[in-house]
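Take a look at the letters that make up each chain.
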Amino acid sequence: SALEAANNTVILGAGVSRDVHLGHILLARLSSGTVEVVNITATQYLHESYELMKAKSEQLAASDGDNSALEVLQRVKPLHELLQPLVGKVSNGLSKMGKIVGGETLP
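The structure presented is a predicted model; accordingly, all values stated were derived computationally and were not measured. (Residues numbered from 1 in each chain as written. Predicted model: local features only at pLDDT ≥ 70, side-chain atom pairs only at ≥ 80, totals over all residues. Heavy atoms only, no water.)

(A) Examining the overall build of the protein chain more closely. Tallying secondary structure elements over the protein chain gives 3 helices and 4 strands in all. Taken from the N to the C terminus, the helices and strands of the protein chain come in the order β-β-β-β-α-α-α. Out of the 107 residues belonging to the protein chain, those deemed buried represent 6%. Across the protein chain, every contact between residues at least 6 apart in sequence was considered, and the portion connecting residues at least 24 apart equals 0%. (Helix = DSSP H or I, 4+ residues; strand = E, 2+ residues; numbered from the N terminus. Buried < 20%, exposed > 50% of the residue type's maximum accessible area, 1.4 Å probe, protein only. Contact = heavy atoms within 4.5 Å.)

What follows is the structure, encoded as structure tokens:
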């Protein structure tokens, strides 16, 4: 018997590769003639990291109003605000250099 996938596609065969470098790879041959490849190891890692992030966010939501981390993050200026004066100085310096070595500078 065959397994049915989405859109009335039937899985005709499947195999698993245990390559040391690639991880566990599932190969499935479909009735449409295509072969689907799924990296099971990567999928497992993604699922585990999702579950960890979900647990952390639930833990943060259940915290008793401790917003100290949020307050620290709000006090830190965004990177573009920190870099703007420096970029202005560099731009101003480069424009002055253009005047020194420009075509109108006398020898």
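(B) Local environment of a nonpolar patch on the surface. A cluster of nonpolar side chains, Leu-79, Leu-82, Leu-83, Leu-86 and Val-87, forms an exposed patch at the surface whose accessible area comes to about 470 Å². Among the secondary structure elements, Val-87 is positioned in helix α3 (residues 79–100). Of the residues examined, Val-87 reaches a relative accessible area of 48% and is grouped as partly exposed. (Patch = residues over 30% accessible without salt bridge, like charges linked within 9 Å, V, L, I, M, F, W, Y side chains within 5 Å. Areas by Shrake-Rupley, 256 points an atom, 1.4 Å probe, with all protein chains shown as cover. Salt bridge = Lys/Arg side-chain N within 4 Å of Asp/Glu carboxyl O.)

(C) Main features of helix α1 (residues 40–62). Between its terminal C-alpha atoms α1 stretches 33 Å, which fits the 33 Å expected from 23 residues at 1.5 Å a residue. Sitting at the head of α1, Asn-39 places a side-chain oxygen 3.1 Å from the backbone nitrogen of Thr-41. (Expected span 1.5 Å × (residues − 1). Polar contact = N/O pair within 3.5 Å; in protein donor to acceptor, adjacent residues only side chain to side chain.)

(D) Structural context of the side chain of Thr-41. Tracing the sequence through the fold places Thr-41 in helix α1. Residue class for Thr-41 comes out buried when judged on its relative accessible area of 16%. Contact partners of Thr-41, with chain neighbours within four places excluded, come to Gly-23 and His-24.

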